[in-house]
Amino acid sequence: MARNPIFSATLQAALLGATSNILAQLIEAYRKQTAIEVDWIPVFQFLMFSIISTPPNFLWQDFLESSFPARLPPAGQGKAASAADEQPLSIRNTLLKFGLDQTVGATFNTLLFSVYIHSIHLAMPDAPRITNFTKATSYWISPGVIDFSAVDMAVVWQAALAEFWTIVVAGMKLWPAVSLVNFTLVKTVEGRNLVGCVAGLGWGIYMSIIAAKE
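Rules used throughout
- Residues numbered from 1 in each chain as written.
- Predicted model: local features only at pLDDT ≥ 70, side-chain atom pairs only at ≥ 80, totals over all residues.
- Heavy atoms only, no water.
- Helix = DSSP H or I, 4+ residues; strand = E, 2+ residues; numbered from the N terminus.
- Buried < 20%, exposed > 50% of the residue type's maximum accessible area, 1.4 Å probe, protein only.
- Contact = heavy atoms within 4.5 Å.
- Areas by Shrake-Rupley, 256 points an atom, 1.4 Å probe, with all protein chains shown as cover.
- Lys, Arg positive; Asp, Glu negative; His and termini not counted.
- Charge placed at Lys NZ, Arg CZ, Asp CG, Glu CD.
- Phe/Tyr/Trp six-rings, centres within 6.5 Å; stacked < 30°, edge-to-face > 60°.
- pLDDT = per-residue confidence, 0-100.
- Patch = residues over 30% accessible without salt bridge, like charges linked within 9 Å, V, L, I, M, F, W, Y side chains within 5 Å.
- Salt bridge = Lys/Arg side-chain N within 4 Å of Asp/Glu carboxyl O.
- Bend = angle between axes of the 7 residues up to and from the residue.
- Axes fitted to C-alpha atoms, helices over the stretch in contact; angles between N-to-C directions.
- Parallel < 35°, antiparallel > 145°, perpendicular 65-115°, else oblique.
- Left-handed = near helix turned anticlockwise from the far one by under 90°.
- Nonpolar A, V, L, I, M, F, W, Y, C, P; charged D, E, K, R; others polar.

### With respect to the overall build of the protein
Per the secondary structure count, the protein includes 7 helices and 0 strands. Ordering the α and β elements of the protein from the N terminus gives α-α-α-α-α-α-α. Based on the C-alpha atoms only, the size of the protein along its principal axes is roughly 65 × 40 × 35 Å. Within the protein, buried positions represent 40% of all 214 residues. In the protein, the proportion of contacts linking residues at least 24 apart, taken out of those at least 6 apart, comes to 76%. In the structure as shown, the protein presents an accessible area of about 12,100 Å², 67% of it carried by carbon and sulfur atoms. Computed over 13 positive and 14 negative side-chain charges, the separation of the two mean positions in the protein equals 7 Å.

### Side note on the packing of aromatic side chains
On inspection of all chains with the given rule, the structure shows 11 aromatic pairs. Between the aromatic rings of Phe44 and Trp140, the centroid separation amounts to 5.7 Å while the plane-to-plane angle is 65°, which identifies the pairing as edge-to-face. With Phe44 in helix α2 (residues 40-67) and Trp140 in helix α4 (residues 133-140), this pair connects stretches of sequence that are 96 residues apart. Under the relative-accessibility criterion, Phe44 is labelled buried at 12%. The class of Trp140 is buried, set by a relative accessible area of 16%. Relative to Trp203, the ring of Trp175 lies with its centre 6.2 Å away and its plane at 80°, an arrangement referred to as edge-to-face. Placement of the pair is Trp175 in helix α6 (residues 175-185) and Trp203 in helix α7 (residues 189-212), with a sequence separation of 28 residues. According to the relative accessible area criterion, Trp175 is partly exposed, its value standing at 23%. For Trp203, a relative accessible area of 16% translates into the label buried.

### Things to note about the confidence of the model for the protein
Parts of the prediction with low pLDDT should not have their coordinates interpreted in detail. For the protein, mean pLDDT is 89; residues scoring 70 or higher make up 92% of the total. Element-level mean pLDDT values for the protein span from 85 in α7 up to 97 in α4.

### Here's the deal with the environment of Ser138
Inspection of the secondary structure puts Ser138 in helix α4. C-alpha separation for the pair Ser138 and Asn93, spaced 45 residues apart in sequence, amounts to 48 Å.

### Focus on unusual backbone geometry
In the Ramachandran plot, Gln33 falls in the positive-phi region, its phi being about 60° despite a non-glycine side chain. Mapped onto the elements, Gln33 comes out in the loop between α1 (5-32) and α2. For Gln33, a relative accessible area of 64% translates into the label exposed.

### Concerning a nonpolar patch on the surface
Nonpolar side chains collect at one region of the surface, where Phe7, Leu11 and Leu15 lie side by side and expose about 300 Å² of accessible area between them. Locating Phe7 in the fold gives a position in helix α1.

### A short note on the environment of Gly191
Within the secondary structure layout, Gly191 lies in helix α7. Taking the C-alpha atoms as reference points, Gly191 and Ser50, separated by 141 residues in sequence, lie 17 Å from one another. Contacts of Gly191, omitting those with residues within four sequence positions, involve Asn182 and Val186.

### Re helix α5 (residues 153-171)
Of all bends in α5, the biggest is about 45°, found at Glu163. Where α5 is buried, its residues meet α3 (91-123), α6 and α7.

### Topic: the packing of α3 against α5
Where α3 contacts α5, the axes come no closer than 8 Å and their chain directions differ by 135°. As judged from the angle between their axes, α3 and α5 are oblique. Judged by the twist between their axes, the crossing of α3 over α5 is right-handed. Along its contact with α3, which presents Thr107, Thr110, Leu111, Ser114, Val115, His118, Ser119 and Leu122, the element α5 presents Met153, Val156, Trp157, Ala159, Ala160, Leu161, Glu163, Phe164, Ile167 and Val168. Of the residues contributing to the contact of α3 with α5, the split by class is 12 nonpolar, 5 polar and 1 charged.

Given below as structure tokens:
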């Protein structure tokens with residue numbers, strides 16, 4: 001049985017999200033000349049964020065491609081046309097996808113990340129530093145450890161808005177280039193998700209460092 005593409009994309013993103021947080025912690029430890037240890041709680045927090053954020057992003061990319069296909073079949077042949085018969089890259093559709101991705105998509109992802117990070121921190125205010133993976137896993141799955149009822153969404157939203165433009169401006173150094181590569185060179189949504197995940201490894205390191213300072 002073929003694996004669901006959204007499941008595969010989420011698994012890839014979760015693994016890379018966790019990896020980016022681990023690398024961020026190692027980089028910070030090296031920079032500060034402290035013991036090189038991994039605090040697994042923020043790793044799990046980033047893993048959970050990837051699980052939450054990947055499905056809507058996958059569906060968003062699928063929507064963009066189905067609404068504005070990169071290559072249109074020759075007139076009169078419809079979807080039955082073979083790949084060899086496809087027209088060159090549609091500049092119009094590519095620019096539309098790029099514009100929507102860098103405005104609507106970027107806004108959604110920036111706010112989603114900020115809302116999640118501030119919420120999870122408020123839901124786990126007393127989370128200890130746990131460098132043992134087994135103990136961290138046991139703590140993470142314990143009942144009552146994550147209490148979203150303690151989250152004040154007004155406070156979360158205010159914090160998300162306060163850092164919105166800082167994150168957006170930082171993201172402009174990476175994501176427009178990633179989008180151009182995806183929309184011009186990568187043909188499938190699955191492939192674009194993988195490219196995004198690989199690029200997101202570096203972005204995740206940056207965001208992990210930002211989240212650690214919250």
